[in-house]
Structure formats: structure tokens, C-alpha cells
Amino acid sequence: MTQRAKIDTDGSENTADEPRVVHRVAGLTSAEVAERIARGEVNDVPVRSSRSTTDIVRGNVFTRFNAIIGVLWVIMFFVAPIQDSLFGFVIIANTGIGIIQELRAKKTLDGLAVIGEAKPTVRRDGVATEVSTSEIVLGDLIELGPGDKVVVDGEVAEVDSLEVDESLLTGEADPVVKQPGDPMMSGSFVVAGGGAFTATKVGREAYAAQLAEEASRFTLVHSELRSGISTILKYVTWMMVPTAIGLIISQLVVKDNNFKDSVARTVGGIVPMIPEGLVLLTSVAFAIGVIRLGRKQCLVQELPAIEGLARVDVVCLDKTGTLTEGGMDVTELRSLNGSDETYVRKVLGALGESDPRPNASLQAIIDAYPDAEEWRCTESLPFSSARKYSGAAFSEGNGDTSSWLLGAPDVLLKAGDPTLAEIDHLNEQGLRVLLLAGTTRELDSADVAHEARPTALVVLEQRLRPDAADTLTYFADQNVAAKVISGDNAVSVGAVAGKLGLPGAENTVDARHLPTDQAAMADELDRNAVFGRVTPQQKRDMVGALQSHGHTVAMTGDGVNDVLALKDADIGVSMGSGSEATRAVAQIVLLNNSFATLPSVVAEGRRVIGNITRVATLFLTKTVYSVLLAVLVVCSQVEYPFLPRHLTLLSTLTIGVPAFFLALAPNKERAKPNFVKRVMRYAIPGGIVAAAATFTTYLVARSYYSGPGALDAETSAATLTLFLVSMWVLAIVARPYTWWRIALVATMGGAFLLVLVVPWLQDFFALKLVGVTMPWTAVAIAAVGAGLLEVAWRWVDRRFPA
């Protein structure tokens, strides 16, 4: 028989007739802790929520494109005026901005991580104390309760019906019942009961701790956005290398021009092929997203989670702790089968005292019914989400003994029991009902609930979160399907969901009747919105079934029963007050325990993805027209029309400055898949039109101008056309227009006009329009190019819908 551990305060032995008493281990003394710290036997694995400062600087400075641009920049210092080296200063500024923003994000993440950090309870000098995970030393005695995560490897010292889930490490879904002397694996978590274990491996000696450190590190990878950009950059590099070689040969060997001028124009052709700002802007957008969410007490443990939640089309909600607040209130006690209410109150008080870590339901009972001190617990069965009930056996003080179960009525009662109709009526009002039943069987027997005697109904009222209805409305407006998945009675769950205005709440499904086949389960999930009596394994299966239908699934939860589903979901969201295990596996932790924060996360993700898709079109249009211009120059055997200063000016006004504002603007459009396809279907025709219009103007100008200053005049005319076409690309990308978007485009146009009319700026950028005919010809060609852009992009939308 499993006995509830009792503390023998005087250290004496109990007789065989008395309940088993386990001597409580005192744990290490303060002196022993100090000795171990001095020897370095400390759990020093850093739980890092972000990259180190060194990694941030290295990641932003030492990039492939920075290396290429750095070499070209050094060359330009020796062969051209400072104006042609401006592109290098722009890279320094951009890299600096990236480092500063990521350091700000790191500070925010690290601060939030400290707030949300788990505090294991260790027993030292016989006193239980909460300490930081990093303060645990070898040999520490660590106490455990339901939902606690095992943070270091160890050996079980005390048990109180201790059941541990090791599925995150071994893949085995069934909880493991632990006995003294059994090993404890870091990374596992307690699903029922309690106990204590002695730390045998701390720090990097624990293999699972190493995995946990890797898993919790800040990362900028494993997202469609970033992998898509990497794919694009790979192809850009392949195009850039042969094109750059051809341009170098063309300008330095074939053409017999001034050497320094040829080098400058060659560099001018290579630099704009590199979309270096795209990677930077993506990092900045993510970092600013983290900072914004951090101000709302939302800890993003992995940056791509912002992106992932923006792609979500189904969000699975656990009722308790998500739609309702954690606390409950006992509103009524109904005696059954003639039982005495005074006696029932004593039973409930004793049951409350029997659990050292009560859940929300039992805590409400404890608050309503004080413990009967003369009753003594001789055996206990902790609550488990899988079995839906808990239990305890008592010596009542007068010589009588009794055993009791407390849990879900529809699990403890037989189908067709008349009491179930009464319970259904209560559930329809959104009330939660627990059944108190007596049993004559051993608590650790498999059929303990068989023929249990119904004694009383405990009616609990759940507190609805005041912001839950608005949040559900937001998801409905955004075409995100909400599925309420709870272990509670289906009718009760449906009533709560109905009060909050969830569409489809009137059609509730008892998960015990769900098909086990994944395809059939997925069909049921698509048709319905509210599910009750869901087991932890079913939650996991339901997430997998939804994913099998192509859904991107987010799962929210705060209890141990949610861990497996949180782990398997595309995005796991945990409440800050949730168990250590749920916080450990979730990508997003709502430290303020507010479900209403989720729309902010969704909005932030949509802003990042939607805006990066916009600005990526700008950057890659430049890459396409730069490569095509270089190819046309090589094939035509003419001088490259631009110096670096010209393209620095164009890039700043048509891409750099506008992209920064566009990337940080609000954007509520739901994220769509196929990032590479969506960007390239615009960038390729845009780049082709820009290159064709610019080169046409250049060839016309070459036939129009002659004499010593002809090349400068030809360059100025080509620059005007390229600027106007690029501005039209910007104008299209900026749609739909708002006052600030119109102002942004107009400001960029005004800045270029300023360069054309101010003499010293004309000299600085080597831009001076000569005559009247050719400049207006350049404008006319640009106008034709703008028209072609409109036609091409409309055709692309019809021909290649994303």
C-alpha cells in the first residue's frame, strides 16, 4: 500500500500497527553548502535567454557581405574620392544599429528571464528554501511537487506517490512511479504526488542539462522568414560572382580608360548587387518586436516564435488558467444518499489537508472547509489529469477508518446514474462539479473507483478572465479558429466558452468519444470548437491531427497536463504562473498571466513578416537590376554608367531610409507562406523593368552627348531614370497609402530633387543634368517603365498568386 509520508518530529520509530512514517531528511548544512561552492560543485550551467554580447557583435560584424564590401571599401579609399566610399560608412551605421537593437533586445530578454525563472525548493539545515537553479550544489536535497521540473540529475530520497513524466527525454508517454533510490533525470517533470531527491550531477555533467541549455538559447534560426532570406542570398551569391568577374574584365581589360575611374565604376557595379541591409533589417525588426512585447511582460524564449504565432490559423486553449482565472470558489455543497453534511465537511477538510500542493479546485475546498485536526491521513492518491480524481484514506480519531475519492463525477459514476442528470444541469450553467465518493478498495488498486459510493457534490464557480471575450473576438476577426480543449466536463466547458461568445460553443464534444484515427479525429476537430474530458495524451494527439490537415497550431496552457501538447504544437504559449514544466517547453511565456497579451504577439509577428516581405522586394529589385545592368554592360562593351556615390544615393533614398520606416510600421495582414516565391515574383519583373529602362536611357544619352564631359552627362541621365523607376517600385510597395507613407515617398523624391538643384550637392554626387531634351527623355522612359511595372505586377498577381 502506498503510504502518505509523515514527518517524525522526534525521530522515534513507529510501531508496525501505526501508519508508515518516513523520516524527513534534513538536507545539507550551511557549512557543507559552502564547502561544495568552494570546490566548484555548483550547478553553473547558464540558463541563457539570449546570445552573449560577443556573439551579437560577431554576428553583426563578421558577415559574408560585410567582408566583400569591406574589401571594396578599402580599394575605393585608394582610387576614388570620399564620395565613392560612402557605401562603407552606410554599412558601419547599419551594423551599429543592428548591434544596438539586439543588445537592447538582449537586455529585455535577460530581465524577463530572471522574472520568469524557476526557483527550485531545496532543503538545507532542515528548512525548505527557494533558490535559483544556478545556486544548487552537489548533494542538495530538492523538494518536488506536481508540475515541478527536475533541474539536475539525482536520486530519489523521499516519495509521496511520486509520478514523473520523462517523455521529453525518453519519448515514453506513461508516467514513471518513483521509489527511493530510483534515478531522477533532469528535464523530466512531476505529474502527480511529491517527494524529494538528492542532486548527484550538477552543471555540465548532466547531459540533459546540456540539452536544456542549448534549447533555451536565443536563436534567430528555424523560421521560414530567415531560411527564405538565406536561400535568396545563396542564389544572389551565385549570380553575383560570375557577373562581377565579367564586369571586372570588361572595365579593366577590354576598355582602355583611366585605371582609377575603371576601378571605381567596377566597384559601383558590384556593391549594389549585395542586399546586405535585408538581413540587418530582419534582425532589427525581430529585436524591436522583442522589446515591444517585453514591455507587455511577454517573454519570447525563441525569436521565431513571434513569426510563428503570426502564421497560426488554429489556437488551442486550455480553459482553466487561460479562459478562466486560476482561483475558484465553492458555491454549494449538495449531500447525496442521505449523507450528513457536517460529516461531509469534515471529510472535505481532511482531503484538503492531505495534499501538500493542492490544485485550484482543492484550494477552493481548503478555503471553504477547515481541516478536522483529529483526522489523520494514512494513505493518499494524488490528483492525476489522466485519471481525473484524487483520493485519501483516514483514521478518523474515533477508531473508524475510511477511504475517499474526489474528482470528475462522470468518471467516478456509472453511465446512466441519476445523479449525472443533476450534474449536467449545473454544468450547463458553466459551474464545475466535483463528486465526493467513498470507497472500500485500496487506493493503489486499478479499480479503486469501481462501485464508489456517491456522498456529495461540491459545486465550484470559475472566475472568467475579464479580457478573454475580447481576445476570442480578436481571433475570430482575424480568421484564427479557437479550439477549447479541457480536461473538465464538456458541458461545463461549453457553457464557459458560450459566456465568452466563442462561435460553436453550443456544440460540445466529450473527448472520450473521439475517434483514435488521426484523419477522423482531424475531421472532428475541424467541425467542432469545444472539447471536454480530454486526457494529456489526447491533447497531444489533437495537436498532431490538426497539423496533419495543414494547420499551424498554437497551444496555450499552464498545467502539467498541457506539457506534451505545448511541446508538439508549432507555438507553445505558457502562463507565467504555470508549472515549471510548461514554462520550460513553451516558446512564449505570458509573465503577466494575461491571455489578452496574445493579440499583441500575433500583431507583432504580422508586422515583422508582412513588412519584411515588403522591404525584401525593394532590396531584391535592386539586386536584380544591378546584376542585369552589369550583364548588359559586359555584353555591350561600354563603360559602366555609375560610380558608387550614385548608387549609394539611390539606395539610401529608394531603399535604405524607406525600408527602415516600412519595416517598423503597423501591419495586421495575416502572414502567408512561401516567402521566397512572394518576394521574387515582384522583385524579378521590377528589376528587369528598372534595368531595361535605365540602360535604354544610357544608350540614348551615349548617342546624344559627345565631348569631354559626355560620360558625366550620360550617367546623370541614367541616374534620373533609375531613380524614378525605383521610386515607382517604392510607391507600389508602400500601398495601401496612409498619410505618413505618402509623406515618406514625397520626402525621398524631394531629397533627390534637392541634390539636382543645389550646386555643391551636384558636385559632391557628380550629378548634373545637361540640356533639356535628354533629361525629359529620361523622364519619359521612366514613365514608360512605371507603366510596365504596374502591368507586370498585376499580371504576376493573376498568374502566380501567393
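These numbers come from a predicted model, not from an experiment. (Residues numbered from 1 in each chain as written. Predicted model: local features only at pLDDT ≥ 70, side-chain atom pairs only at ≥ 80, totals over all residues. Heavy atoms only, no water.)

**Student:** It is not clear to me how the packing of aromatic side chains should be interpreted in this structure. Could you clarify?
**Tutor:** Both the distance between ring centres and the angle between the ring planes are used here to describe each pair of aromatic rings. Taken as a whole and assessed by the stated rule, the structure comprises 12 aromatic pairs. Centroid distance F660 to F661: 6.1 Å. Interplanar angle 85°. Geometry classified as edge-to-face. Under the relative-accessibility criterion, F660 is labelled partly exposed at 29%. These aromatic residues form a ring-pair network of at least three members: Y343, W375, F394 and W404. The lysine or arginine in question, K234, covers the ring of Y235, its NZ or CZ lying 5.6 Å from the ring centre. (Phe/Tyr/Trp six-rings, centres within 6.5 Å; stacked < 30°, edge-to-face > 60°. Buried < 20%, exposed > 50% of the residue type's maximum accessible area, 1.4 Å probe, protein only. Lys NZ or Arg CZ within 6 Å of the ring centre and 35° of its normal.)

**Student:** Sorry, what's going on with empty space enclosed by the protein here?
**Tutor:** To find the voids left in a structure, one rolls a probe of water-molecule size over its atoms. In total, this model carries one cavity of 30 Å³ or more according to the counting rule given. Counted as a void, the largest cavity has a volume near 60 Å³. Lining the largest cavity are L618, T621, K622, Y625, T654, I655, S726 and V729. For the lining of the largest cavity, the secondary structure elements donating two or more residues are α21 (598-636), α22 (644-663) and α24 (710-733). Per element, the largest residue contribution to the lining of the largest cavity is four residues, and it comes from α21. Of the residues belonging to the lining of the largest cavity, the class tally is four nonpolar, three polar and one charged. (1 Å grid on protein atoms, 1.4 Å probe; cavity = no way out; pocket = protein on both sides within 12 Å on 5 of 7 lines; lining within 4 Å. Points joined across faces, edges and corners; volume = space filled by probe spheres on them. Helix = DSSP H or I, 4+ residues; strand = E, 2+ residues; numbered from the N terminus. Nonpolar A, V, L, I, M, F, W, Y, C, P; charged D, E, K, R; others polar.)

**Student:** Would you mind going over the environment of G349 with me for this structure?
**Tutor:** Inspection of the secondary structure assignment puts G349 in helix α11 (residues 341-354). Judged by relative accessible area, which is 3%, G349 ranks as buried. In the structure, G349 is positioned 18 residues away from D367 in sequence and 9.0 Å away in space, judged by C-alpha atoms. Setting aside residues up to four positions removed in sequence, G349 forms contacts with Y369, P370 and D371. (Contact = heavy atoms within 4.5 Å.)

**Student:** How should the sheet that holds strand β18 (residues 530-532) be read in this particular structure?
**Tutor:** Picture the strands of a sheet paired through backbone hydrogen bonds; they go either parallel or antiparallel. Ordered by their spatial adjacency, eight strands build an open sheet running β8-β21-β20-β19-β9-β16-β18-β17, and the pairing between neighbours is mixed. Of all strands in the sheet, those with a lone pairing partner are β8 (298-300) and β17 (508-510), marking the two edges. Strand-to-strand twist across the sheet, computed as the mean angle between neighbouring axes with direction ignored, equals 20°. As judged from the three bridges shared by β17 and β18, these two strands associate in the parallel manner. Residue V509 lies in a different strand from β18, and its bridge partner there is F531. (Pairing = 2+ DSSP bridges. Axes fitted to C-alpha atoms, helices over the stretch in contact; angles between N-to-C directions.)

**Student:** Mind showing me how you'd approach the confidence of the model for the protein here?
**Tutor:** It should be kept in mind that the predicted coordinates are not to be read in detail where pLDDT is low. On average, the protein scores 81 in pLDDT, and the residues at 70 or more come to 89%. A low-confidence stretch, residues 1-23 stays under pLDDT 50, and its non-local contacts, those more than four residues away or across chains, total 39 contacts. Across residues 211-221 the pLDDT falls below 50, and counting only partners more than four positions away or on other chains, this stretch makes 28 contacts in the model. (pLDDT = per-residue confidence, 0-100.)

**Student:** What is the right way to read the packing of helix α15 (residues 468-477) against α21 from this model?
**Tutor:** Between α15 and α21, whose axes approach to 10 Å, the crossing angle comes to 30°. Overall, the two elements α15 and α21 adopt an arrangement that is roughly parallel. Facing α15, whose interface residues are T471, Y474 and F475, α21 presents L598, P599, V602 and A603. Looking at the contact of α15 with α21 residue by residue, the class counts come to six nonpolar, one polar and no charged. (Parallel < 35°, antiparallel > 145°, perpendicular 65-115°, else oblique.)

**Student:** Honestly, the packing of α21 against helix α23 (residues 675-704) in this entry has me stumped. Any pointers?
**Tutor:** For any two helices packed against each other, the geometry comes down to the angle between their axes and how far apart the axes lie. At a minimum axis distance of 7 Å, the contact between α21 and α23 shows a crossing angle of 40°. If you check the angle between α21 and α23, you find them oblique. Here the hand of the crossing between α21 and α23 comes out right-handed. Residue classes in the contact of α21 with α23 are distributed as 19 nonpolar, seven polar and one charged. (Left-handed = near helix turned anticlockwise from the far one by under 90°.)

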